[in-house]
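One-letter residues, chain by chain:
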Amino acid sequence: MIQMINLKKQFEEIREDVIKSLTEVIESSTYILGPKVAEFEKSTAKYLGAADALGVASGTDALHLALMALGIKEGDEVITTPFTFFATVESIVYVGARPVFVDIDPETFNIDPAKIEERITKRTKAIIPVHMFGLPAEMARINEIASRHNLKIVEDCAQSFGASIKGKMTGTFGDIGAFSFYPSKNLGAFGDAGLMTVARDASLAPLIKKLRNHGSAGAYKHDVIGLNSRLDEMQAAILLIKLKRIEAYNEARRRKAALYTEIMKNKVDCPKEPEGYRHVYHQYTIKSPQRDKLKDMLASKEIASTIYYPVPVHMQPAMSGLGHKKGDFPMAERVSSEVLSLPICPCIDDSDVRRIAEIIAGA
Ligand SMILES: *Cc1c(COP(=O)(O)O)cnc(C)c1O
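Below: a short report on this structure. Note that the coordinates shown come from a computational prediction; the quantities given were computed from them, not determined experimentally. For every chain, the first residue of the written sequence is number 1, and numbering continues from 1 along that sequence. Thresholds applied to this predicted model are a pLDDT of at least 70 for local features of residues and 80 or more for the giving and counting of side-chain atom pairs; totals over whole chains, interfaces and linings are not thresholded and use all residues. To get the side-chain values, take all heavy atoms of the structure and skip hydrogens and water.

1. Focus on the packing of helix H2 (residues 35–48) against helix H7 (residues 233–243)
- One can describe the packing of H2 onto H7 by two numbers: an axis separation of 8 Å at closest approach and a directional angle of 35°. Crossing geometry of H2 relative to H7 is assigned as left-handed. Across the interface between the two elements, Pro 35, Lys 36, Val 37, Glu 39, Phe 40, Ser 43, Thr 44 and Tyr 47 of H2 pack against Glu 233, Ala 236, Ala 237, Leu 239, Leu 240 and Leu 243 of H7.
- Only Asp, Glu, Lys and Arg are considered charged, only Ala, Val, Leu, Ile, Met, Phe, Trp, Tyr, Cys and Pro nonpolar, and every remaining residue, Gly among them, polar. Its residues assigned to classes, the contact of H2 with H7 comprises 9 nonpolar, 2 polar and 3 charged. Structural elements are reduced to axes, namely lines fitted to C-alpha atoms, with helices fitted over the stretch in contact, and the angle between N-to-C directions of any two is expressed from 0 to 180 degrees. In this description a helix means any DSSP run of H or I spanning at least four residues, a strand means any run of E spanning at least two, and both kinds are numbered starting from the N terminus. The sense of a crossing depends on the near helix, which, turned anticlockwise from the far helix by less than a right angle, makes the crossing left-handed and, turned clockwise, makes it right-handed. Pairs of residues are marked as contacts when any of their non-hydrogen atoms sit within 4.5 Å.

Right, dumping it as structure tokens:
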């Protein structure tokens, strides 16, 4: 069976380091926001070129805390894409604001900047671009629109750790970057974990530190209402070990992706990487009107494939209160019916990539 991702194989490469570091943490008996978290935050901020980086409990919390830190509240509107993981939009609902969708560019799977301005109203306060599947959204155009309309930007970087535009990392373009270290993400913990970067306005960092810790900077004084959303030492210990290898992991993903594309490019619609963009292939996602047939064919040969995402967020039952109907965001809807993500991870054998690509190219 070829799986989407082989986490066991990745663990075997770092087993000794992980056991040693976890043992240190256990023996230290400091389990939450300790020295490993501090070291990880510092190393990550440096790697990403961010003013500061702050560990939190998950990517979902990072998005939620970002909107809290920026003061987004009931009555506000936040623009985002309907073609994303549900958590992007949930975070907007958590703070009482209204999600306003803008359709995507089907070539990049990312929010279409040309369609943003027509959705801006007096109530619009922020934009959440998602760097879908590891390809950065068009940040130059999005930043330009945001500054013209005085809007905040929260980047959803859950799938884009290490992705960049002209060498500038995702998570450093907007006001706050929200990262997830869910185990299958490019940088994955052994449980839930997340991180927030601050770029333009470093003065947000002390507020975020309070918000992740019950609104307190310490000594049981609570200045604001926050969450309990801290990164724990065990996860930080693992993430530090993997952070040292993230360039190699992402380069390996890029090589596997290039191999897929080389074999399939004349037969099926392969992912694009615009000039100057560094795609980190959290997913390698093709488009085909024959998607379901391809999926069944792969399954019959014991090869996994996954549909990210079969139902766009505006069509989810939980979002029915927004009053959307089929046809409101035609690109997101069409793409949802055509996408298929193929196995990709730093550890997948080239021979497996070749086999999968040849099956699809020959279909
Ligand atoms: C994974 C993911 C999240 C949520 O991250 P968690 O750590 O699972 O809470 C948010 N947005 C996108 C686009 C994601 O892929």
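2. Observations concerning the layout of surface pockets
- Counted as a void, the largest pocket has a volume near 490 Å³.
- Every definition here rests on a 1 Å grid over the protein atoms only: cavities are sets of points where a 1.4 Å probe fits but cannot get out, pockets are open sets enclosed by protein on both sides within 12 Å along at least five of seven lines, and lining residues have some atom within 4 Å of a point. Lining the largest pocket are 27 residues; nearest its centre among them are Phe 85, Tyr 182, Ser 184, Lys 185 and Tyr 309.
- Secondary structure elements with two or more residues in the lining of the largest pocket: helix H3 (59–69) and helix H4 (87–94).
- With 3 residues, H3 is the largest single contributor of residues to the lining of the largest pocket.
- Counted by class, the lining of the largest pocket contains 13 nonpolar, 10 polar and 4 charged residues.
- Grid points are joined across faces, edges and corners, and a volume is the space filled by probe spheres set on the points. Its volume calculated, the second largest pocket comes out at about 180 Å³.
- Lining the second largest pocket, in full, are Asp 17, Lys 20, Ser 21, Glu 24, Lys 36, Glu 39, Ala 237, Leu 240, Ile 241, Lys 244 and Arg 245.
- Taken together, the elements giving at least two residues each to the lining of the second largest pocket come down to helix H1 (7–28), H2 and H7.
- A per-element tally of the lining of the second largest pocket places H1 first, with 4 residues.

3. Side note on the nonpolar core
- With 41 residues, the main nonpolar core has Met 264, Tyr 284 and Leu 342 as its most contacted residues.
- Mapped by element, the contributors of at least two residues to this core are helix H8 (246–264), strand E13 (284–287), helix H9 (291–300), helix H10 (330–338), strand E14 (339–342) and helix H11 (350–361).
- Here this core takes 5 residues from H11, the largest share from any one element.
- Among all residues touching Leu 342, those that are not within four sequence positions of it are Met 4, Tyr 260, Met 264, Tyr 284, Ile 286, Leu 298, Ser 305, Ile 356 and Ile 360. To qualify as a nonpolar core, a set must consist of buried Ala, Val, Leu, Ile, Met, Phe, Trp, Tyr and Cys residues joined through side-chain atoms within 4.5 Å. Categorising residues by exposure relies on relative accessible area from a 1.4 Å probe, with only protein chains included: less than 20% of the type maximum marks a residue as buried, more than 50% marks it as exposed, and the intermediate range marks it as partly exposed.

4. Thoughts on the environment of His 222
- In this structure, His 222 sits in strand E11 (residues 221–222).
- Spatially, the C-alpha atoms of His 222 and Leu 211 are 9.7 Å apart, while their sequence positions differ by 11 residues.
- Once residues within four sequence positions are removed from consideration, His 222 is found in contact with His 214, Gly 215 and Ser 216.
- Any pair of N or O atoms that falls within 3.5 Å is considered a polar contact. Within protein, one atom must be able to donate a hydrogen and the other to accept it, and sequence-neighbouring residues count only if both atoms are side-chain atoms. At 2.8 Å, the side chain of His 222 forms a polar contact with the backbone oxygen of His 214.

5. Focus on the sheet that holds strand E1 (residues 52–56)
- Taken together, 7 strands build an open sheet; the order of strands is E1-E9-E8-E5-E4-E2-E3 and the sheet is mixed. The sheet terminates laterally at E1 and strand E3 (98–101), the two strands that pair on one side only. With direction set aside, neighbouring strand axes in the sheet form an average angle of 25°.
- Of the strand pairs in this sheet, strand E4 (residues 124–128) and strand E5 (residues 152–156) are connected by 2 bridges, and their pairing is parallel. Bridging across to E5, Ile 127 finds its partner in Ile 153.
- Here H4 sits on the sheet in contact with strand E2 (77–80), E3, E4 and E5, set at roughly 140° to E3. Two strands pair if DSSP finds at least two bridges between them.

Interpretation note: all reported values are geometric properties and have no functional meaning in isolation.
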